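The lines below spell out each chain.
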Amino acid sequence: MRFGLFVIAWGSVLGMSLIYIVVGGMADLAQRLLARRRAVAVEKISVLLFESEDEAAAVFEEVADLPRRTLLSLIQPLAVDLDGQARRRLQGLVAATALQRFIRRRAKSRRWRKRVQAAQLNYLVTHPDFDRRALLNDAHALVRARAVESFTAEQAAEHVPDLIRLLQDESLAVRISAQRALISAGSAAVTELLGHLDAGGGSSLAALEVAGNLSDTRLTKAIERYTRDSDPAARRMACQALGNGVGSEGIPMLHRLLHDDEADVKAAAIEALGQLGSQASVVLIGAALGDRAFLVRRSAGIALDTLGAPGHLVLRRHLRDPDRYARDMARQMLDAAAARRGLDLVPPIGTIEIPVVEPVAAKPQLVNTTQDGSSGASVLIAPRVADVSDDQAVLAAMWDLMAPEIGAAEPPHTGIGEGDPA
Amino acid sequence: MISQLFDGIASVAAGWVICLNLMQLMMIVSAMVELNRIRQRDRHQVWRRLLGSELAPRISVLVPAYSEEISVCDTVRGLLSLSYPNLEVVVINDGSPDDTAGVLIEAFDLRPVHPIYQRVVETADIKSIYRSSREPRLVLVDKFNGGKADSLNAGINVASGELVCAIDADTLVAPDALQQLVSPFITRPDTVAVGGTVRLTNDSPVRGARITNLVVPKKPLPALQAAEYVRAFVVGRLAWNPLGGNLIISGAFGVFKRDAVLAAGGYEKSSIGEDMELIVRLRRRGYETGQKAWVEFLPDPVAWTEAPESARVLARQRNRWQRGLMDVLIRHKKMIFNPRYGSAGMLSMPFFFVVEFMSPIVEAISLTLLFVGLVAGLVDPASLWVLAAAYGFGATITILTLFFDDLAFRSYPKFRYRLKLIGYAIVEQIIYRPLTIVWRLWGVRLFLMGRTEWGQQVRKGFTSS
């Protein structure tokens, strides 16, 4: 009995070893054969899709004769990323082979894995009876996501109401795919989106994100409404939407949101100003370097760094800020910028003489200055939103403030650290 | 009477090993089911494309380095060449006695910046922070020695990413590994940590901080560990996903939600097994606060690391692992068999207690008594057949695991590698397994003596192709 157990155990070692070696070896062989076959097929398909008409025509028959499984496995990952001539040729290939019928049949399959395949290739089907909406309403989230993801811009434009409905889908994958499809639909999505934003509801945040990416001025008013929303998440998303570029119209709204009660919203407003390249906002953003919330301070530092020379001037001024946190953040950002450019660090505190700056009377009221009793340095504090109106004037005023400090004659232009003595 | 007692002990020893093997077999089945589920899910994933954009969540890769001057530059180059679009690499030099900081400063033209950061978790003092003029994504934190957990905490303080990836300084990461590791954070909002597979680089050629051809290590000790790593990662970790989540994310390669780690107080400095301790604490906190904390293991993202090549270093590593395990089990003993902690309390923790902690003790006692009994003529020599059968089943399980790994991941797809691995699977049972028992018992002893030091790891560096 005991010896029998021993024989069974070591017999199983032998058996398992044989299976491992034989099946493993067969898998190696199969993989090598498959790889060779795929390499030949890939070569032919790439000629068909990307070479001249004559060369494509020459390989068309060969590609059409490839086994359906090989053909599908190759075009499936490619299909979504193709456009223009390559897409037309692929559609031609699908129409000429039995693939079109195959995809339509798969779309009606009871097995979701087959429907996913159909969803992924649905844009290749040109048959008028093909029901794309059925894929968008599929019970399985992956089918819906794949169907939406594979839409061309034209197909997305045709299905805008469906896509807007899918912004409320329970699956995150579907929601994100719907957002991307709506963005690709471009201006065709604006009217429906406006209606949806006006109506409000659960998917407003996702819609706002889309609105921000569409950069269409027709949406500015709708986004503006959300900057006054009671939900901080909506206000934050509105900031992001404004930052994604509905033009300079959004800047006054963002200035207002710099005084929001929520740190998240303030940080998003600052980031948006940075993204919009609003150099006129540098002083306002600089004031946020001393905010109580680290998130806001960091966003302010990053935004000032992004805004180039004017931002760097403000950062330098804040090296003398009596607020330790503002000072630290300014120093950190300037250090990072200096390291990026391979420069030495900004000189430590005490080596730069920053003169006391009087308020500029003739220019727009850019800043209020206050006297730091201990060091004699002036400190910039936030101006009122209404005071910032004309970008050029604000920049000129700011330059007047900064020029004596850095001893430069000409205003800076663009680029990180230009006009920066470091 | 005594003879019957000793025969009983022999049966217990064999029964124990057979039970362990049966458990391993169940885990292989669980791992197969889970792998199938993950492959089906990822086959239709849209995340890979979405994660190619700059909008992907920012990851700060934390590389704690102590005496790593040989391999740290390769590791950093590898990390900076990852395809992840929103990346920051934070190397933390933990007061290394060698020139770890120096080689990095020279290789990447690092310059000191003012050490300003949010000190959310207390750490040893930071001497200076460096940034690179050539590579803005790289940050070097030079600090006083405080241990690996302390370094990771310093890295978390300095990091700007919403996710942090902890890796060892001798680890190379596959180009798309981070994209894959981030996926669960997007699909499951309650995810707090995700781990990937770690494989061994010993003797595998490296070009441009990438493994060009994974080979079975030439020396026996690393080769034995290669088989062991396959069993531990491909089966051991993967099997726990459907059984309620993992308790270990390897310190060599894992991604964490930074906020969750900070809320839990960061890595525990006084713990020897800081990686396991953090995961257990995150999960425990999740149960206690009612906020789910999901920990997932993904088999496809791979990192490669160097295994100890000398028995002395390996012994130190294993006894440290054992001490780490004991430390975690004692700290969180409240969780064991406590239904309040769900699957972690009723499945994972008891498993670690019974199988991982008790196993070397039970095996050592049983084997010692068995051989004493044999020498004294109190045990029937035929009992050895049973023991040999138990080890035979163990070897079968290891070969089955290698076979599973071969078909699923094609890690060592050559005839001679398979032959070698089969040989090592058999040798492992006869020589390596008793050795690991001795090392782990040594760990138990040191733990009871209150020894908490790490011991030094000797690095050889990667093999250039």
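Basis of the calculations
- Residues numbered from 1 in each chain as written.
- Chains lettered and ligands numbered in written order.
- Predicted model: local features only at pLDDT ≥ 70, side-chain atom pairs only at ≥ 80, totals over all residues.
- Heavy atoms only, no water.
- Helix = DSSP H or I, 4+ residues; strand = E, 2+ residues; numbered from the N terminus.
- Buried < 20%, exposed > 50% of the residue type's maximum accessible area, 1.4 Å probe, protein only.
- Axes fitted to C-alpha atoms, helices over the stretch in contact; angles between N-to-C directions.
- Parallel < 35°, antiparallel > 145°, perpendicular 65-115°, else oblique.
- Left-handed = near helix turned anticlockwise from the far one by under 90°.
- Nonpolar A, V, L, I, M, F, W, Y, C, P; charged D, E, K, R; others polar.
- Contact = heavy atoms within 4.5 Å.
- Buried area = accessible area lost by both parts, 1.4 Å probe.
- Salt bridge = Lys/Arg side-chain N within 4 Å of Asp/Glu carboxyl O.
- Polar contact = N/O pair within 3.5 Å; in protein donor to acceptor, adjacent residues only side chain to side chain.

Colleague: What should I look at first to understand the overall build of chain A in this one?
Modeller: Helices and strands together make up the secondary structure of chain A, namely 22 helices and 2 strands. Counting all 422 residues of chain A, 49% fall into the buried class.

Colleague: Any chance you could explain the packing of helix H1 (residues 2-50) of chain A against helix H12 (residues 383-409) of chain B here in plain terms?
Modeller: Geometrically, a packed helix pair is captured by the angle between its two axes and the distance between the axes. Two elements in contact, H1 of chain A and H12 of chain B, have axes separated by 7 Å at closest approach and are oriented at 15°. Considered as vectors, H1 of chain A and H12 of chain B are oriented roughly parallel to each other. Crossing geometry of H1 of chain A relative to H12 of chain B is assigned as left-handed. When grouped by side-chain class, the residues that make up the contact of H1 of chain A with H12 of chain B number 24 nonpolar, 6 polar and 2 charged.

Colleague: Help me understand the environment of Arg-258 of chain B in this model?
Modeller: All names here are of chain B. Position of Arg-258 relative to the elements: it lies in helix H8 (residues 258-263). When the C-alpha atoms of Arg-258 and Val-182 are compared, they prove to be 13 Å apart, with 76 residues separating the residues in sequence. Dropping the residues within four chain positions of it, Arg-258 is found in contact with Ile-156, Asn-157, Ala-159, Gly-161, Glu-162, Leu-163 and Val-164.

Colleague: Help me understand the interface of chain B and chain A in this model?
Modeller: Interfaces are often sized by the amount of accessible area the parts lose when they come together. Between chain B and chain A, the contact holds 47 residues from the first and 48 residues from the second. Of the roughly 4,400 Å² buried between chain B and chain A, counting both surfaces, carbon and sulfur atoms make up 67%. A salt bridge links Arg-410 of chain B to Asp-28 of chain A, with the shortest nitrogen-to-oxygen separation between them at 2.1 Å. Taken together, the connections running from chain B to chain A amount to 7 residue pairs in polar contact (both at pLDDT 80 or more). For the side of chain B that touches chain A, the secondary structure elements donating two or more residues are helix H1 (2-43), helix H2 (47-50), strand S3 (110-113), strand S4 (126-132), H12 and helix H13 (415-448) of chain B. Broken down by element, the residue count for the side of chain B that touches chain A peaks at 16 residues, all from H12 of chain B. When the residues that make up the side of chain B that touches chain A are grouped by side-chain class, the tally is 27 nonpolar, 11 polar and 9 charged.

Colleague: Could you clarify how one ought to interpret the environment of Ala-64 of chain A in this entry?
Modeller: Residue and element names in this part refer to chain A. With respect to the helices and strands, Ala-64 occurs in helix H2 (residues 53-64). Separated by 248 residues in sequence, Ala-64 and His-312 have C-alpha atoms that sit 61 Å apart. In this structure Ala-64 touches Leu-93 and Thr-97, once residues within four positions along its chain are discounted.

The analysis is restricted to geometry; functional conclusions fall outside its scope.
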